[in-house]
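# Structural description and commentary
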Amino acid sequence: MIAAAQGVRADAANDAGSRVVRIALIGISLLFLTLILIVPVIAVLGHAFADGLDVYLAAITSPETLSAVRLTLTTAAIVVPINTVFGVAAAWAIAKFDFRGKHLLVTLIDLPFSVSPVIAGLVFVLLFGAQGRLGPWLDAHDISIVFAFPGIVLATLLVTFPYVARELIPVMQMQGREAEEAAISLGANGWTTFFRVTLPSIRWALLYGIILCNARAMGEFGAVAVVSGHIRGLTTTMPLHVEILYNEYDLTGAFAVASLLMLLALLTMIAKTTIEHYGLTRRRRLPHIPRGPKRNDPGISA
Amino acid sequence: MRKHFRIPMPALAASALLAALTLAAGCGGDSSASGSRVRLLNVSYDPTRELYQEFNAAFAAHWKAQTGQDIIVQQSHAGSGSQARAVIDGLDADVVTLALAYDIDAIHKNSRRLQANWQSRLPHRSAPYTSTIVFLVREGNPKRIRDWDDLVRPDVEVITPNPKTSGGARWNYLAAWGYALDRELGSLDRLYDAAPEELERAERAARDFVARLYRNVPVLDRGARASTNTFMQRRIGDVLVAWENEALLALEEMGEGAADIVVPSISILAEPSVAVVDTVVDRRGTRAVAEAYLRFLYTPEGQDIVARHHFRPRDPEVAERYRDRYPTLELFTIDEVFGGWAKAQAKHFDDGGVFDRIYAEASQ
Amino acid sequence: MSARAAAYRSRWVEPSILPGFNLTLGISVAFLTAIVLIPIAALVLKAGSMPLDELWRIATEPRALASYRLSFGASLIAATLNAVFGFIIAWSLVRYRFPGRRFVDAIIDLPFALPTAVSGIALATVFSPQGWIGRWLEPLGIQVAYSWVGVVVALTLIGLPFVVRSVQPALAEVDATLEDAAESLGAGRFMTFRRVILPTVAPALATGFTLALARAIGEYGSVIFIAGNLPMRTEITPLLIVIKLEQYDYLGAAALGLVMLSISFVLLLTINALNGWRAARALGRRR
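Before going further, it helps to spend a moment on the overall build of chain B. The number of helices and strands found in chain B is 16 helices and eleven strands. Contacts spanning at least 24 positions in sequence make up 74% of the contacts within chain B whose residues lie at least 6 apart.

As structure tokens, this is what we get:
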């Protein structure tokens, strides 16, 4: 879809050689995706609808499923904005400045990716659990963090922490600083520069970051499983609910809820496509909008 | 220029979408949090979901009739060990109903949230129902599996969960070990009077037997339910070593014809244990109802629910009623053969224990 | 930004006329500390509360060593597969129009949205000897489910979106004029790719590879369903941590967690440093 926004270079496909390459590459893509992604997804859907639509609807409208949906969405609604603010700030600092310890900072931001979800849950238990460092104090003040909603939010925050930042950093690094420097030297203030110059050129990356962060926040299982306490209808998120249903031999129910998660992910993608489409029509009407900061820059004329 | 600044829109749209869905989902959630009700949290393990769902309703009616008080029992189910860990780390369970006494002992040892004497406070060492280890085989028993000896045949694939992560799997392992000792010594009674050399030889034979059994295991799932699914859904393996209640439930859920149960000649008496978590009930003021809840498990009504959900009841009258469902076989306890959980755990399942060494040797 | 402030900063930050350094770095460090560093410090402190030789003993048990081999080896293979195929997919999505392109674009993120347990169950179902794909591989003597191949498959699935979604925006930003210029100057397709496209996309590709690798190393939920979990053979390190926890061995779990974290950290730091160095060189050349 970015390609559409950028204009597909179909002219390159004129000669036969590149046509072969084209078909081969698309073929490889589709084959790989089919084997590793599409077939398993179809398996999930197949199980979800195995007993018919009624059973499917009953599974996804049971009170326990609804409370799991609510918990998952509330968690995502808290986690995604926080990680977005962090991601934009971190990407700005890292891409627009050279400072000592930058690689260290980037690596620390990456760290949650490599922290096993199990560990991501465990660290909060070590901190806030009854045997943890802050446990006695929390207990004395009757505050529960682990095995309650705050613990689920914290674990999800940690696991999804780098997503937005990591999507933005390479794109912003690639674009360099000239455009922003020009805007500033022409008298624009920082916020104007950011909103008028930087943001338009990183919006797709930002959007991807938010979508990935959101998808991951809703799908997180391992870390949340450690801090949830598994109290039915209270601290079970959708992924945990899926596991519970699976363990009850309710395969249809389990995969129905899983398909609901896929649907939520697809919804965000559809929202993205719609926005992109809107952006595309706008762009056509105003052909001078820059592709990147290297060209004619709106911030400068502002 | 302001007009093509659109970036917050996806964020806004996403937030709005999420908010709308949250509200929509919120309408369907539970809104029963009224003040006068008593809440009880029962932290249990995987196979007891269906049992406690029914039991909780029965107890709520019983308690309402006795005291006029409404009660809601919340349930939490996962692997027995991780549930014990959650209670140690602060999950406020009023009562725990776990797979093995070892896990409840662990709560005492690691957190002091319940007293050391928990096992003596209720009858039958605080285990109101029992089960045992049986085999689930493919329909018609094509590999003709009759007893433990068939499990070490080279042509048989055995499915059992990982004893390091699954409490249930430890019973499987110990049942096999006990069988081998019994076969070697002629009778488990001889554990107490046999000569030391003879005991040592029997121990070696048991170790060899268990090692051969695990050589036939292609998948070590994390928990009992995962193993059942591997066997039933993915149709891996020839025999599933399972708790009797799990085997009966699996047949009930997936149709009688899906597999057959084979009862071995001798097996272990599995005693899932229950306890009140002292510090929690004292702080929340729920001791009376929590104790009544566990005692209700021992009443004829409670025992009948237990028996209906595939566990063996302790009450002789109820047991008599369900005699057909639970065949008699020779059962030994963990105390008789292994000297209790603490010893069995240290010798067999701790890091560097017999189970680890079996795998370490196999990989050399 | 005043000259004085710039001078003050210049000791550890290159002077720049761009504003917002203190603010953005401040936010980054504050969030990083609160959400990541303090919790991880709890882990390090826990592991640090045991004697070093004990830590070393736990970290170098044969079983732990075997699990590192599997975890890191399978993760490397999976991340490499993802780098190759993810790049091809991103390329196809950005450069070509074909039926179903929008659909393919939309489903790339599904591995994130699916709870890892669901991915694991779905993969095990599909790749088991009776499964839709497994039954075709079985006669060829390829066993995917319950072997290390299954681990690679699961890790490839969960890491795929990282590479595609990192490369996609970068590929879209590749300066078309440069490419056209290169081609009009007679550079072959391969040459154009290597000299023009690859350098521009490389940081993003490296990022995607790094992220896929990092995520794969820690993955637990999906792997345990498709790996056989046999000690010494198909047991991943995160499972070993769970096993320690099940034995109430918090110290042992923290020790293994620390080992994983340290190895990943060094790995990531190296890749990031190489990438930064390479990017700086490329930037210098372009200027």
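On to the overall build of chain C. For chain C, the count of helices and strands is 14 helices and zero strands. Counting from the amino terminus, chain C carries its helices and strands in the arrangement α-α-α-α-α-α-α-α-α-α-α-α-α-α. Taken over the C-alpha atoms alone, chain C extends approximately 60 × 55 × 30 Å along its principal axes. Scored against the burial criterion, the 287 residues of chain C give a buried share of 61%. At a minimum sequence separation of 6, the contacts of chain C that also span at least 24 residues come to 73%. Entry remark: accessible area of chain C is about 11,100 Å², with carbon and sulfur atoms responsible for 68%. Looking at charge distribution, chain C has the averaged site of its 24 positive side-chain charges lying 7 Å from that of its 16 negative ones.

Now for the pattern of salt bridges. In total, this model carries 50 salt bridges over all chains according to the counting rule given. Lys96(A) is the salt-bridge partner of Glu180(A), the closest N and O atoms lying 3.2 Å from each other. Note that Glu180(A) is positioned in helix H10 (residues 178-185) and Lys96(A) in helix H4 (residues 63-96), a separation of 84 residues in sequence. Relative accessible area serves as the criterion here: at 2%, Glu180(A) is assigned to the buried category. Residue classification places Lys96(A) among the buried positions, given a relative accessible area of 0%. In this structure, Asp356(B) and Lys164(B) form a salt bridge, with 2.9 Å as the shortest nitrogen-oxygen distance. In this pair, Asp356(B) sits in helix H16 (residues 354-362) while Lys164(B) sits in the loop between strand E5 (158-159) and helix H6 (167-185), placing the two residues 192 residues apart along the sequence. Residues Asp356(B) and Lys164(B) agree in their burial class; the two are buried. Because the salt bridges share partners, they merge into one network encompassing Lys164(B), Asp351(B), Asp356(B), Glu54(C), Arg57(C), Glu61(C), Arg63(C), Glu235(C) and Lys244(C).

Residues and elements named next belong to chain B. Direction vectors running N to C along helix H3 (residues 80-88) and helix H4 (residues 101-111) enclose 25 degrees, while the axes themselves pass 9 Å from each other. Considering the angle they form, H3 stands roughly parallel to H4. The two elements H3 and H4 cross, and the hand of that crossing is right-handed. Across the interface between the two elements, Ser 80, Gly 81, Ala 84, Val 87 and Ile 88 of H3 pack against Asp 103, Ala 106, Ile 107, Asn 110 and Ser 111 of H4.

Below, the discussion takes up helix H3 (residues 53-60) of chain A. Every buried residue belonging to H3(A) is among Tyr56(A), Ala59(A) and Ile60(A), and all of these are buried. Seen along its axis, H3(A) keeps its buried residues to an arc of 90 degrees; they face one direction.

Okay, the nonpolar core next. Counting 319 residues, the largest nonpolar core has Val96(B), Trp148(B), Leu213(B) and Trp341(B) as its most contacted members. Each of domain 1 (1-48) and domain 2 (52-301) of chain A accounts for three or more of the residues forming this core. Aside from chain neighbours lying at most four places away, what touches Trp341(B) is Leu100(B), Ala101(B), Tyr102(B), Arg170(B), Trp171(B), Leu174(B), Ile334(B) and Phe349(B).

Moving on, we come to the packing of aromatic side chains. The tally for this structure, following the rule as stated, stands at 38 aromatic pairs over all chains. Considering the side-chain rings of Phe113(A) and Phe162(C), the 5.1 Å spacing of their centres and the 85 degrees angle between planes classify their relative orientation as edge-to-face. Within this pair, whereas Phe113(A) is found in helix H5 (residues 102-114), its partner Phe162(C) is found in helix H9 (residues 148-173), the two belonging to separate chains. Across the pair, Phe162(C) and Phe113(A) agree in class, each one buried. A connected cluster of aromatic rings, assembled from ring pairs, spans Tyr45(B), Tyr102(B), Trp171(B), Trp243(B), Trp341(B) and Tyr248(C). The lysine or arginine in question, Arg138(B), covers the ring of Phe231(B), its NZ or CZ lying 3.8 Å from the ring centre.

Another aspect to go through is the sheet that holds strand E9 (residues 273-276) of chain B. Residue and element names in this part refer to chain B. Pairing is mixed in the open sheet, where four strands are placed in the order E2-E1-E3-E9. Edge positions in the sheet fall to strand E2 (71-78) and E9, since each of these pairs with one other strand and no more. Going from strand to strand, the sheet's axes swing by 20 degrees on average, the running direction of each strand aside. The pairing of strand E3 (residues 95-98) with E9 spans four bridges and is antiparallel. Looking at the pairing, Thr 97 lines up with Val 274 of E9.

With that settled, consider the interface of chain C and chain A. Taken together, the contact pairs 111 residues of chain C with 106 residues of chain A. Buried surface at the junction of chain C and chain A, summed over both partners, amounts to about 10,100 Å²; 76% is from carbon and sulfur atoms. Between the two partners, chain C and chain A, sit zero salt bridges. One can count five residue pairs in polar contact (both at pLDDT 80 or more) joining chain C with chain A.

This paragraph deals with the side chain of Asn141(B). Residues and elements named next belong to chain B. Here Asn 141 is to be found in the loop between strand E4 (129-138) and E5. Of the residues examined, Asn 141 reaches a relative accessible area of 8% and is grouped as buried. If near-sequence neighbours (up to four positions away) are discounted, Asn 141 is found in contact with Arg 146, Asp 260 and Val 262.

For the rest of this paragraph, the subject is the confidence of the model for chain C. Interpretation of this model should avoid reading the predicted coordinates in detail wherever pLDDT is low. All names here are of chain C. Chain-level pLDDT for chain C is 84 on average; 93% of the residues reach the 70-or-more range. Within chain C, the element-level pLDDT minimum falls on helix H1 (residues 3-9), averaging 52, and the maximum on helix H4 (residues 62-95), averaging 93. In the model output, the complex is listed with pTM 0.83 alongside ipTM 0.80.

Turning our attention to unusual backbone geometry. Leaving glycine aside, a negative phi is the common case for residues, and trans is the common case for peptide bonds. Residue and element names in this part refer to chain B. Here Arg 125, not a glycine, exhibits a phi torsion of approximately 50 degrees, which is positive. Within the secondary structure layout, Arg 125 lies in helix H5 (residues 123-126). Residue Arg 125 is classed as partly exposed on the basis of its relative accessible area of 35%. In the Ramachandran plot, His 310 falls in the positive-phi region, its phi being about 75 degrees despite a non-glycine side chain. Summarising the element assignment, His 310 is placed in the loop between helix H12 (300-308) and strand E10 (312-313). When its relative accessible area of 5% is taken as the criterion, His 310 is described as buried.

The next thing to look at is the environment of Thr67(B). All names here are of chain B. Here Thr 67 is to be found in helix H2 (residues 49-67). On the accessibility criterion, Thr 67 (41% relative accessible area) is partly exposed. Within the local environment of Thr 67, its side chain forms a polar contact with the backbone oxygen of Trp 63, the two atoms lying 2.8 Å apart. Polar side-chain contacts of Thr 67 include one of 3.2 Å to the backbone nitrogen of Gln 69.

This paragraph deals with a nonpolar patch on the surface. All names here are of chain A. On the surface, Leu 45, Phe 49, Leu 53 and Leu 57 cluster together into a nonpolar patch covering about 340 Å² of accessible area. Along the polypeptide, Leu 57 turns up in helix H3. Given a relative accessible area of 41%, Leu 57 falls into the partly exposed group.

We now examine a negative patch on the surface. Where like charges cluster on the molecular surface, the negative patch consists of Asp51(A), Asp250(A), Glu252(B), Glu253(B) and Glu256(B). Its location among the elements puts Glu252(B) in helix H9 (residues 244-254). Residue classification places Glu252(B) among the partly exposed residues on the basis of a relative accessible area of 49%.

Residues and elements named next belong to chain C. Put simply, H4 and helix H13 (residues 237-246) touch, their axes get as near as 8 Å, and they point 140 degrees apart. Overall, the two elements H4 and H13 adopt an arrangement that is oblique. Together, Arg 63, Ala 64, Ser 67, Tyr 68 and Ser 71 of H4 and Thr 237, Pro 238, Leu 240 and Ile 243 of H13 make up the contact between the two elements. Classifying every residue of the contact of H4 with H13 by side-chain character gives five nonpolar, three polar and one charged.

We now examine the side chain of Ser273(B). Residues and elements named next belong to chain B. In this structure, Ser 273 sits in strand E9. Only 3.3 Å separates the side chain of Ser 273 from the backbone oxygen of Glu 271, close enough to count as a polar contact. The residues contacting Ser 273, other than those within four sequence positions of it, are Val 96, Thr 97, Leu 98, Leu 100, Ala 101, Ile 104, Trp 118, Ser 126 and Ala 127.

Cut-offs applied
Residues numbered from 1 in each chain as written. Chains lettered and ligands numbered in written order. Predicted model: local features only at pLDDT ≥ 70, side-chain atom pairs only at ≥ 80, totals over all residues. Heavy atoms only, no water. Helix = DSSP H or I, 4+ residues; strand = E, 2+ residues; numbered from the N terminus. Contact = heavy atoms within 4.5 Å. Buried < 20%, exposed > 50% of the residue type's maximum accessible area, 1.4 Å probe, protein only. Areas by Shrake-Rupley, 256 points an atom, 1.4 Å probe, with all protein chains shown as cover. Lys, Arg positive; Asp, Glu negative; His and termini not counted. Charge placed at Lys NZ, Arg CZ, Asp CG, Glu CD. Salt bridge = Lys/Arg side-chain N within 4 Å of Asp/Glu carboxyl O. Axes fitted to C-alpha atoms, helices over the stretch in contact; angles between N-to-C directions. Parallel < 35°, antiparallel > 145°, perpendicular 65-115°, else oblique. Left-handed = near helix turned anticlockwise from the far one by under 90°. Arc of directions from axis to C-beta. Core = buried A, V, L, I, M, F, W, Y, C linked by side-chain atoms within 4.5 Å. Domains from an automatic or database assignment. Phe/Tyr/Trp six-rings, centres within 6.5 Å; stacked < 30°, edge-to-face > 60°. Lys NZ or Arg CZ within 6 Å of the ring centre and 35° of its normal. Pairing = 2+ DSSP bridges. Buried area = accessible area lost by both parts, 1.4 Å probe. Polar contact = N/O pair within 3.5 Å; in protein donor to acceptor, adjacent residues only side chain to side chain. pLDDT = per-residue confidence, 0-100. Patch = residues over 30% accessible without salt bridge, like charges linked within 9 Å, V, L, I, M, F, W, Y side chains within 5 Å. Nonpolar A, V, L, I, M, F, W, Y, C, P; charged D, E, K, R; others polar.

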